[in-house]
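If you want the building blocks of each chain, they are given just below.
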Amino acid sequence: MLAKQTASLAQLENLCKQLYETTDTATRLQAEKALVEFTNSPDCLSKCQLLLERGSSSYSQLLAATCLTKLVSRTNNPLPLEQRIDIRNYVLNYLATRPKLATFVTQALIQLYARITKLGWFDCQKDEYVFRNVITDVTRFLQDSVEHCIIGVTILSQLTNEINQADTTHPLTKHRKIASSFRDSSLFDIFTLSCNLLKQASGKNLNLNDESQHGLLMQLLKLTHNCLNFDFIGTSTDESSDDLCTVQIPTSWRSAFLDSSTLQLFFDLYHSIPPSFSPLVLSCLVQIASVRRSLFNNAERAKFLSHLVDGVKRILENPQSLSDPNNYHEFCRLLARLKSNYQLGELVKVENYPEVIRLIANFTVTSLQHWEFAPNSVHYLLSLWQRLAASVPYVKATEPHMLETYTPEVTKAYITSRLESVHIILRDGLEDPLDDTGLVQQQLDQLSTIGRCEYEKTCALLVQLFDQSAQSYQELLQSATASPMDVAVQEGRLTWLVYIIGAVIGGRVSFASTDEQDAMDGELVCRVLQLMNLTDSRLAQAGNEKLELAMLSFFEQFRKIYIGDQVQKSSKLYRRLSEVLGLNDETMVLSVFIGKIITNLKYWGRCEPITSKTLQLLNDLSIGYSSVRKLVKLSAVQFMLNNHTSEHFSFLGINNQSNLTDMRCRTTFYTALGRLLMVDLGEDEDQYEQFMLPLTAAFETVAQMFSTNTFNEQEAKRTLVGLVRDLRGIAFAFNAKTSFMMLFEWIYPSYMPILQRAIELWYHDPACTTPVLKLMAELVHNRSQRLQFDVSSPNGILLFRETSKMITTYGNRILTLGEVPKDQVYALKLKGISICFSMLKAALSGSYVNFGVFRLYGDDALDNALQTFIKLLLSIPHSDLLDYPKLSQSYYSLLEVLTQDHMNFIASLEPHVIMYILSSISEGLTALDTMVCTGCCSCLDHIVTYLFKQLSRSTKKRTTPLTQESDRFLHIMQQHPEMIQQVLLLCHDAGSTVALRIQ
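Residues numbered from 1 in each chain as written. Predicted model: local features only at pLDDT ≥ 70, side-chain atom pairs only at ≥ 80, totals over all residues. Heavy atoms only, no water.

Along its length, the chain carries 47 helices and 0 strands. Out of the 999 residues belonging to the chain, those deemed buried represent 53%. Sequence-distant contacts in the chain: of pairs separated by 6 or more residues, those separated by 24 or more amount to 76%. A total accessible area of about 44,700 Å² is found for the chain, and carbon and sulfur atoms account for 50% of it. When the 90 basic and 103 acidic side-chain charges of the chain are each reduced to a single mean position, those positions are 4 Å apart. (Helix = DSSP H or I, 4+ residues; strand = E, 2+ residues; numbered from the N terminus. Buried < 20%, exposed > 50% of the residue type's maximum accessible area, 1.4 Å probe, protein only. Contact = heavy atoms within 4.5 Å. Areas by Shrake-Rupley, 256 points an atom, 1.4 Å probe, with all protein chains shown as cover. Lys, Arg positive; Asp, Glu negative; His and termini not counted. Charge placed at Lys NZ, Arg CZ, Asp CG, Glu CD.)

Summing up the model confidence of the chain, the mean pLDDT is 86 and the portion of residues at 70 or higher is 92%. Confidence scores differ between elements of the chain, with helix H47 (residues 993–998) showing the lowest mean pLDDT of 32 and helix H22 (residues 484–506) the highest of 96. Overall, residues 237–242 carries pLDDT values under 50, and its contacts beyond four positions in sequence, including any with other chains, amount to 7 contacts. In this model, residues 651–661 is a region of pLDDT below 50 whose contacts with residues beyond four sequence positions or in other chains number 27 contacts. (pLDDT = per-residue confidence, 0-100.)

Right, let's get into the nonpolar core. Counting residues in each nonpolar core, the largest one holds 330 residues, and the members touching the most others are Phe 257, Trp 385, Leu 743 and Phe 800. Here the element with the most residues in this core is H22; it accounts for 12 residues. Setting aside its immediate chain neighbours within four residues, Trp 385 contacts Ile 357, Ile 360, Ala 361, Thr 364, Leu 403, Tyr 406, Thr 407, Val 410 and Ile 450. (Core = buried A, V, L, I, M, F, W, Y, C linked by side-chain atoms within 4.5 Å.)

Another point: the side chain of Ser 283. Considering the arrangement of structural elements, one finds Ser 283 in helix H13 (residues 278–289). Dropping the residues within four chain positions of it, Ser 283 is found in contact with His 225, Glu 330 and Arg 333.

Attention shifts here to the UniProt feature "domain: Importin N-terminal" (unreviewed entry) in the chain. With numbering aligned to this structure, UniProt lists the feature "domain: Importin N-terminal" (unreviewed entry) at residues 31–97. Secondary structure across residues 31–97 divides into 79% helix and 0% strand, with the first and last C-alpha atoms of the span separated by 31 Å. (UniProt positions renumbered as here; feature names shortened; annotations may be inferred.)

This paragraph deals with a negative patch on the surface. Judged by side-chain charge, Glu 685, Asp 686, Glu 689 and Glu 745 come together as a negatively charged surface patch. Broken down by element, the negative patch gets its largest block of residues, 3 residues, from helix H31 (residues 685–707). Mapped onto the secondary structure, Glu 689 falls in helix H31. Overall, the relative accessible area of 49% leaves Glu 689 in the partly exposed class. (Patch = residues over 30% accessible without salt bridge, like charges linked within 9 Å, V, L, I, M, F, W, Y side chains within 5 Å. Salt bridge = Lys/Arg side-chain N within 4 Å of Asp/Glu carboxyl O.)

Turning next to the packing of aromatic side chains. All chains considered together, the criterion is met by 37 aromatic pairs. When the centroid spacing of 4.7 Å and the interplanar angle of 5 degrees are considered together, the rings of Phe 699 and Tyr 751 count as stacked. With Phe 699 in helix H31 and Tyr 751 in the loop between helix H33 (737–747) and helix H34 (752–762), this pair connects stretches of sequence that are 52 residues apart. Residue class for Phe 699 comes out buried when judged on its relative accessible area of 0%. Through successive ring pairs, a cluster of aromatic residues spans Trp 121, Phe 182, Phe 188, Phe 191, Phe 230, Phe 232, Trp 253 and Phe 257. Arg 132 extends its terminal NZ or CZ atom over the ring of Tyr 129, reaching a point 3.7 Å from the ring centre. Arg 452 extends its terminal NZ or CZ atom over the ring of Tyr 455, reaching a point 3.9 Å from the ring centre. (Phe/Tyr/Trp six-rings, centres within 6.5 Å; stacked < 30°, edge-to-face > 60°. Lys NZ or Arg CZ within 6 Å of the ring centre and 35° of its normal.)

Moving on, we get to the packing of helix H5 (residues 81–97) against helix H7 (residues 134–142). At their nearest, the axes of H5 and H7 sit 11 Å apart, and the two run at 15 degrees to each other. As the angle between them shows, H5 and H7 are arranged roughly parallel. When the axes of H5 and H7 are compared, the crossing they make is right-handed. For the pair H5 and H7, contact is made by Arg 88, Leu 92, Asn 93, Leu 95 and Ala 96 and by Asp 137, Arg 140 and Phe 141, respectively. Broken down by class, the residue content of the contact of H5 with H7 amounts to 4 nonpolar, 1 polar and 3 charged. (Axes fitted to C-alpha atoms, helices over the stretch in contact; angles between N-to-C directions. Parallel < 35°, antiparallel > 145°, perpendicular 65-115°, else oblique. Left-handed = near helix turned anticlockwise from the far one by under 90°. Nonpolar A, V, L, I, M, F, W, Y, C, P; charged D, E, K, R; others polar.)

On to the state of the cysteines. This structure, assessed with the given rule, holds 0 disulfides. Cysteine Cys 284 remains unbridged, with the sulfur of Cys 195 as its closest cysteine sulfur at 8.3 Å. Cys 284 gets classed as buried once you look at its relative accessible area, which sits at 0%. Left without a disulfide partner, Cys 836 is nearest to the cysteine sulfur of Cys 768, which lies 15 Å away. (Disulfide = S-S within 2.5 Å.)

Quick look at the pattern of salt bridges now. A complete count under the given rule lists 33 salt bridges for this structure. Residues Arg 452 and Asp 521 are paired through a salt bridge, measuring 3.2 Å at the closest nitrogen-oxygen approach. In this pair, Arg 452 sits in helix H20 (residues 437–452) while Asp 521 sits in helix H23 (residues 515–537), placing the two residues 69 residues apart along the sequence. For Arg 452, a relative accessible area of 12% puts it in the buried group. Across the salt bridge formed by Glu 778 and Arg 783, the nearest N and O atoms sit 2.4 Å from each other. Residue Arg 783 is classed as partly exposed on the basis of its relative accessible area of 21%. Here the residues in one salt-bridge network are Asp 467, Glu 523, Arg 527, Arg 576 and Glu 579, joined through shared partners.

Glancing now at unusual backbone geometry. The phi angle of most residues is negative, glycine excepted, and most peptide bonds adopt the trans form. Residue Pro 749 is reached from Tyr 748 by a cis peptide bond, and omega for that bond is 5 degrees. Inspection of the secondary structure assignment puts Pro 749 in the loop between H33 and H34. For Gln 785, which is not glycine, the phi dihedral falls at a positive 55 degrees. Structurally, the position occupied by Gln 785 is in the loop between helix H35 (766–779) and helix H36 (795–814).

A few words on the environment of Ala 179. Counting through the fold element by element, Ala 179 comes out in helix H9 (residues 172–203). The spatial distance from the C-alpha of Ala 179 to the C-alpha of Met 692 is 61 Å, given a sequence separation of 513 residues. Residues in contact with Ala 179, not counting those within four places in the same chain, are Ile 163 and Phe 230.

A few words now on the packing of H31 against H33. In contact at an axis separation of 11 Å, H31 and H33 are set at 35 degrees when each is read in the N-to-C sense. Between H31 and H33 the crossing geometry is right-handed. Only Met 742, Leu 743 and Trp 746 of H33 make contact with H31, whose side of the interface consists of Glu 685, Tyr 688, Met 692, Leu 695, Thr 696 and Phe 699. By residue class, the composition of the contact of H31 with H33 is 7 nonpolar, 1 polar and 1 charged.

Mapped onto the elements of the fold, Asp 137 is located in helix H7. Those residues within four positions of Asp 137 in sequence are excluded, and the remaining contacts are Arg 88, Leu 92 and Tyr 113.

Glancing now at H13. Taking 1.5 Å per residue as the helical rise, H13 with its 12 residues ought to reach 16 Å, and the 16 Å between its terminal C-alpha atoms agrees with that figure. Extensive coverage of H13 is indicated by the burial of 12 of its 12 residues. Inspection of H13 places Ser 278, Pro 279, Leu 280, Val 281, Leu 282, Ser 283, Cys 284, Leu 285, Val 286, Gln 287, Ile 288 and Ala 289 among the buried residues, and these make up the whole buried set. Contacts made by the buried residues of H13 are with helix H10 (211–228), helix H11 (254–258), helix H12 (260–272), helix H14 (298–317) and helix H15 (325–340). (Expected span 1.5 Å × (residues − 1).)

A surface patch of nonpolar side chains, about 350 Å² in accessible area, is lined by Tyr 394, Val 509 and Phe 511. Along the chain, Val 509 turns up in the loop between H22 and H23. Here Val 509 falls in the partly exposed class, since its relative accessible area comes to 37%.

Glancing now at the environment of Phe 800. By the secondary structure assignment, Phe 800 is in helix H36. As for Phe 800 and Ala 861, which are separated by 61 residues in sequence, their C-alpha atoms are 7.6 Å apart. Those residues within four positions of Phe 800 in sequence are excluded, and the remaining contacts are Leu 840, Ala 843, Leu 844, Val 849, Phe 851, Phe 854, Ala 861, Leu 862 and Ala 865.

As structure tokens, this is what we get:
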């Protein structure tokens, strides 16, 4: 027996060595497969203990710890309580007797302890919660050597992190119960212990050259940060998306934050330890600075803020450590928190405010001037100044805020540093910040508020810099000897200036703006439009893509502020435009917009970024109630409506596209044209037919291709796909009954067979099927009640027949694809299925079809569509339903409609299908997507209501017996009561009001 164990142990150790050390891929994969089988074997637990006791390599110990973590984490067939207690005790003893294990082994064992503790948090033995004595568990570590102390602190740190993080294998509600209990019973004690240990460490002369003391300090700081970073109220805040959050410290922690020594501890640590530790200290300070305001009364908050500002002042006066990028980044975050959690009126009352705001301004200006250093940190500095500037109108304190002195300095530093960077970037071939449009837009949004503070200074600076660059640019263009580098520099400077001018115009706030500021806007707008005239005149020879994108950004900002129903037409901006450019009113300005749009579509048709943003601008203009009515009166717009397939719009040219996905812009274009046409035509069918004439001709061409046995398949694909995108844009825009009925009567029945034929031929090509399916989904969507057929019209039924035919055709054919690689399954299969689900949901919930007539008259259209839905559903693993957000939303919204209006169909399904659907509801209840979770609760409500009604009927004496479907459904539920109970329990745990009503 012993020999057999030894041989088995040697085999496992050899497999571990092959997995972690070999460079041969085949050997590694074979070892991985064997170890997976070992993990699933019945004797895995005993062999893991054997590996830990007798294993000679760290890799075998790692395998044992990892396998044990998987065993204690499984939801089906969990380990008994006694066994989990034994594992917990064994791990603690193992770590205590082996403090010098390999780091990754120690970490894996600590992870195992944390997982057991979290999942067993509510487990009792003899009326005692057996997994909650965490501080007692680690006390013996903290009273031993430095190595033991590190293990003890790491255990607490990893446990805090583990309990704070939700996992997908267990319900979110269970996670929140555990986290809340841990917060209330243990977290403050852990935080207090961590701070006390840090105080002890800071009171001693730490020898940071000693690696063990170095590690202890690092783990203590990590533990403290994990405590402060805990999700106290279950909001699951994602700091990557909103870093300016509030830390919801419990009221029971008040004493720690009223004691100024807690805050002082971290500032002292920052100044006493090497810069490599400082980022974690600053991260802790960031969280402390973000403590919720309601934790203090006014006097306490003022005192706390005073200590915080003093600490910031001390760092600014001794900025040496800020040369480290990580320190710099965390300090910028700390500065941003000063304003996100405190009011400007409170800041100005701090004793050292004048000196601190001066130091912060100098630090910001220096940071902006060194634009190449830690560019991602600038966001926090600009955020601070943005919030300060936005608060100026609301400050009631008598103390001066001094922002009128310092915000112009910040604005100037940002603008001049960006202009000065252009030459360096071009000269040295550096990465251009303008290429990161998301980052640039974020900074410009912040600058828009900062720049409007003391706006006359901002405007004067922009006018001066713009005139200099524009004059230099014009002189270079007129010079025969100008170097391309000099031209590129001036174009780069003008690009930044156009972006910034658009931003500051977009920062205008109506209630705080004056006539003088509107006149300043007019000065800036005139200059940009004059520059546009110059650049447009040269497009036949050359153009600058980045400058054009800046122009489009400017137009978008101008549109939001100065075009629309809410704008005062007496604005001094329009007066200035009239004086300089002869643009007397909004209609004339709109003609400039349309002229620019047409110019861009003519010359930049092959540039996707410019084309898409140009079309988005056109789309935005077509939405406004008053602007769209002015637009349709413009000759340029009439030109677009009458010549939308001409060579002027080269991006639409069928032969101009290298691949089918480049045609997406067509949908946007025709959505805008559809809105304009809807306003222009009223009920004029002749004008509508004139507009549709080119599309009619194109459809006839495709029909002729399909009628022959041999045709150019690629050309047919390209022509159909383009047409379908055009039609979808028009269908989306036509949200009134009159216009939509014109479109419907045009496409049905004449051209519907072409769409069906395309699905039959190219079901395997998503580049073709996706646009066709999306068009059909749009046609059956009863948006704004546009699908209202006359009482005597069969069109609602005929439309659903076509919908059913398309779903059935696509569904049956897509299921013949066989195995699809995981990385392609969404694009090739699931995306089309998702659109089919959305299409069927829209048709079933559109309220323009009486579905009872299908069975009454023997029409199988409804049954075919529903049966195809079931086939498609069963081909999708449960995990995929939740892994792909669009698929999950379309599926659960369709299921909600089916359980509400078609429960007889659900009840008629085979038992395994019903169980699949109930399982999907069960899993959907644990989803993080609120829409999915809510939809599942509604589905469950409808199912239980149906069950209740059928049970009530079955217990009463009625002449009409239960239908076969209802009787079978009740029988299935009686056979599997655990399923409906489990789903109801999950719904109850989620706190659903629907579930409460059911109970």
